[in-house]
Amino acid sequence: MCGIVGYIGSRPAAPLLLDALKRLEYRGYDSAGIVTLTDKFNVKKDSGKIAEIDSRLDLADLPGTCGLGHTRWATHGKPSQRNAHPHVDSFGRVAVVHNGIIENYLEIKQELKKRGFTFRSDTDTEVIPNLISFYLSRKLSPEQAVRRALSQLEGSFALGILIRDNPDKLIAARKESPLIVGLGKNEMFIASDIPAILPYTKRVIVMHDEDLAVLFSRALIIRNLKSWRRTVRKPTLVKWTLEMAEKGGYPHFTIKEIYEQPAAIRETLRSSPAEISRLAALLLRSKRFYMVACGTSYHAALVGKYALAKLADYQSEVVISSEFQESCRASAGTTVLAITQSGETADTLKAVRVAKASGAKIACLTNVIGSSITRESDVVCHTHAGPEISVVATKTFAAQVAFLLRLAIETARCKRTITSSQARQLMVELQELPKVVERVLRSTERPVRELAQKLKDVEHIYLISRGIGYPTVLEGALKLKEITYIHSEALPAGELKHGTLALIEPGTAVIALIPPGDARSRMIGNVEEVKARGAWVIGLTDADADVGAHVDWLITLPRTRELFSPLLYITPLQLLAYHTTVLRGQDPDRPRSLAKSVTVE
Ligand code: F6R
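Predicted, not measured: the structure shown is a model, and the values here were computed from it. (Residues numbered from 1 in each chain as written. Predicted model: local features only at pLDDT ≥ 70, side-chain atom pairs only at ≥ 80, totals over all residues. Heavy atoms only, no water.)

Peer 1: Sorry, what's going on with the nonpolar core here?
Peer 2: Leu279, Met291, Leu337, Leu404, Leu405, Leu463 and Leu540 are the most contacted members of the largest nonpolar core, which totals 85 residues. No other element matches the 13 residues that helix 15 (residues 420–455) contributes to this core. Contact partners of Leu279, with chain neighbours within four places excluded, come to Leu337, Ala363, Val379, Cys381, Phe403 and Leu407. (Core = buried A, V, L, I, M, F, W, Y, C linked by side-chain atoms within 4.5 Å. Buried < 20%, exposed > 50% of the residue type's maximum accessible area, 1.4 Å probe, protein only. Helix = DSSP H or I, 4+ residues; strand = E, 2+ residues; numbered from the N terminus. Contact = heavy atoms within 4.5 Å.)

Put into structure tokens, the structure is as follows:
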């Protein structure tokens, strides 16, 4: 996620903005920049860490008492000087910093090019200052020019905007991306997050969706972008310490990121339909299709395999990256999709290089634009979960699964295993899922906390499911292992009788995930099987299932399609891992012996 800061007042803006940007570093970023406004825009920006950029460019050395700063997490266009924010329009009238994604930027860019606007970057953001500039040239007031421009944007945004000919005001707007206004004494601030401005003010107004704020050093006007009605909002007095503020008030990044899953799914689904079409076309041209990945990404790939088979009647092989060289053969006609949130995992890079040397085409799905895997790939696709700070992957799993479900729908549509109207219906339901996940988070938090109390001292937890529930329990078990350090083992429920049943004894904890689908009655049979050995069974199922009578502890989830169930059912398992870890007095953000990016084989 990008970070935004803005200042208008009487102090030199650039040193203050630089300090505020450093306080946003924890959000993760690949580039940074500052613009100040005097009689013109003064811009310094580059890719890299703030300290490096600062030592090269002296970011604080810019004149003016009003300006914007930005840390960029690339979503369109790789990390580079020209793609770094702030962006200024072709006529030098408007400067913008942006957090979010503009879906229809290509159409707007085409239109603006016809009207004589030129573009210097590959970003979606650059259309925004140019579109505002276009409306300014039509003699609209700054506020109306911004309003008209924003009404044309599809997607999400938090924006800081400066207009060259109006140096007394700073304009801010938001839709689905966070933004706050800070009120100082004869000075005002904007920021993506409270920590950025905490040393300067503790009086904060959280902007709402569709708010447009005009900041003067001594006044603030907030209007609704659509109705243009003025709203007065009382500032909140922030009592957080800096550390609390970085985590948005959550005690750990892990739980913050679990709660960011609806946004991660939403952003991933709305971005890059072109990437999906290109990948689906490549799949359909391929004689053989492998997905290679490690850990959590491997579990997401397994969900993808299931979805492709079910919806598109398309056979794929999912291989753990470190096993690819030994167990798989690639040749011309083979496609390998590498799934890696970091894009830097050595095992996955190695598998891809081996496949490439045998003539395979390479595609990747990564959360980090410009990461190493993108340089190895013929087709590059992205999840848009924003940077993941916690070592354990949570929101990036949700984003990967959302992407792969969308890929399965598109592949099925192209292959005509489903009709276009069925594909549309599935997409509508998929786009509803972020809201459903929000409901799951709200409704399961309390029962999961209570369950964590019961499980915190057990030595073993077994997780069972069938079909698409199997990768979900694999992922749940990995979360439990990584941060609780409790031995957790996931297996297809049908496999119990082939060995593991011998370990089930009175009191053994078994989590049975029973999503909707054909396998439900067989799952209930497996629950009876472990109960007969005295297991203490926790059932996860939807409201309609008559499962309560068979289990000792029930967690109820909203109804969904079997295909979409991983996105809902993983959430209580992640919450369980988190709360159990906290109850055991361990730090979920820093699990022992693990690193976020595994760059060694
Ligand atoms: C689990 C986890 C790891 C990673 C694995 C692959 O919580 O974080 O299992 O999923 O190391 O990492 P990427 O996806 O970056 O290739």
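Read on for the rest.
Peer 1: How do you make sense of the packing of helix 14 (residues 395–415) against helix 18 (residues 565–583) when you look at a structure like this?
Peer 2: When two helices pack together, their arrangement is captured by the angle between the axes and the distance separating the axes. Running from N to C, helix 14 and helix 18 cross one another at 165°; their axes reach a closest spacing of 10 Å. Overall, the two elements helix 14 and helix 18 adopt an arrangement that is roughly antiparallel. Helix 18 is crossed by helix 14, and the crossing has right-handed handedness. Counted together, Phe397, Ala398, Val401, Ala402 and Leu405 of helix 14 and Pro566, Leu567 and Ile570 of helix 18 form the full contact between these two elements. In the contact of helix 14 with helix 18, the residues fall into eight nonpolar, no polar and no charged. (Axes fitted to C-alpha atoms, helices over the stretch in contact; angles between N-to-C directions. Parallel < 35°, antiparallel > 145°, perpendicular 65-115°, else oblique. Left-handed = near helix turned anticlockwise from the far one by under 90°. Nonpolar A, V, L, I, M, F, W, Y, C, P; charged D, E, K, R; others polar.)

Peer 1: Any chance you could explain helix 1 (residues 13–22) here in plain terms?
Peer 2: In an α-helix, one full turn covers 3.6 residues, which means residues spaced three or four apart are oriented alike. With respect to burial, helix 1 is a largely interior element, seven of its 10 residues being buried. For helix 1, the complete set of buried residues consists of Ala13, Ala14, Leu16, Leu17, Leu18, Ala20 and Leu21. On its buried side, helix 1 packs onto strand 1 (3–8), strand 2 (31–37), helix 2 (50–57), strand 4 (66–72) and strand 10 (188–191).

Peer 1: Help me out: how do you make sense of the packing of aromatic side chains in this one?
Peer 2: Each aromatic ring pair is summarised here by two numbers: the centre-to-centre distance and the angle between the ring planes. This structure, assessed with the given rule, holds 10 aromatic pairs. Between the aromatic rings of Phe189 and Tyr200, the centroid separation amounts to 5.7 Å while the plane-to-plane angle is 20°, which identifies the pairing as stacked. Here the residue Phe189 occupies a position in strand 10, and Tyr200 occupies one in the loop between strand 10 and strand 11 (203–206), the gap between them amounting to 11 residues. Judged by relative accessible area, Phe189 falls into the buried class, the value being 0%. By way of ring pairs, the aromatic residues Phe91, Phe117, Phe134 and Tyr135 are connected into one cluster. The ring centre of Tyr29 lies 4.3 Å from the NZ or CZ of Lys49, which sits over that ring. Here the basic side chain of Arg592 rests over the ring of Tyr485, its NZ or CZ set 3.7 Å away from the ring centre. (Phe/Tyr/Trp six-rings, centres within 6.5 Å; stacked < 30°, edge-to-face > 60°. Lys NZ or Arg CZ within 6 Å of the ring centre and 35° of its normal.)

Peer 1: What is the right way to read the state of the cysteines from this model?
Peer 2: Two cysteines, two sulfur atoms, one covalent bond between them: this is a disulfide. Taken as a whole and assessed by the stated rule, the structure comprises zero disulfides. As a non-bridged cysteine, Cys294 has Cys328 as the owner of its nearest cysteine sulfur, 13 Å distant. With a relative accessible area of 23%, Cys294 lands in the partly exposed category. For the unlinked cysteine Cys364, the closest cysteine sulfur is that of Cys381, found at 6.8 Å. Using a relative accessible area of 0% as the deciding quantity, one classes Cys364 as buried. (Disulfide = S-S within 2.5 Å.)

Peer 1: What's the story with the domain arrangement of the protein chain in this structure? I'm lost.
Peer 2: Often the size quoted for an interface is simply the accessible area lost on bringing the parts together. Here the protein chain is described as being made up of domain 1 (3–246) and domain 2 (263–583). Its C-alpha centre places domain 1 at a distance of 37 Å from the equivalent point of domain 2. Contacts between domain 1 and domain 2 engage 15 residues on the former and 12 residues on the latter. Across the domain 1/domain 2 interface, buried area totals approximately 1000 Å², and carbon plus sulfur atoms make up 58% of it. Its largest share of buried area at the contact with domain 2, domain 1 owes to Trp73, Ile101 and Glu103, together 43% of the area lost on that side. At the boundary of domain 1 with domain 2, the tally comes to two salt bridges. Among the salt bridges present, the one from Glu103 reaches Arg270, with a minimum N-O distance of 2.7 Å. Where domain 1 meets domain 2, there are three residue pairs in polar contact (both at pLDDT 80 or more). (Domains from an automatic or database assignment. Buried area = accessible area lost by both parts, 1.4 Å probe. Salt bridge = Lys/Arg side-chain N within 4 Å of Asp/Glu carboxyl O. Polar contact = N/O pair within 3.5 Å; in protein donor to acceptor, adjacent residues only side chain to side chain.)

Peer 1: Looking at this model, I keep getting lost on unusual backbone geometry. Mind explaining?
Peer 2: Among all residues except glycine, the phi angle is most often negative; among peptide bonds, the trans geometry is most common. Looking along the chain, the bond that leaves His85 and enters Pro86 is cis, with omega of 0°. Here Pro86 shows up in the loop between strand 4 and strand 5 (87–88). Although it is not a glycine, Lys139 adopts a positive phi angle of roughly 70°. Relative to the helices and strands, Lys139 is located in the loop between helix 4 (127–137) and helix 5 (142–151). Although it is not a glycine, Asp313 adopts a positive phi angle of roughly 50°.

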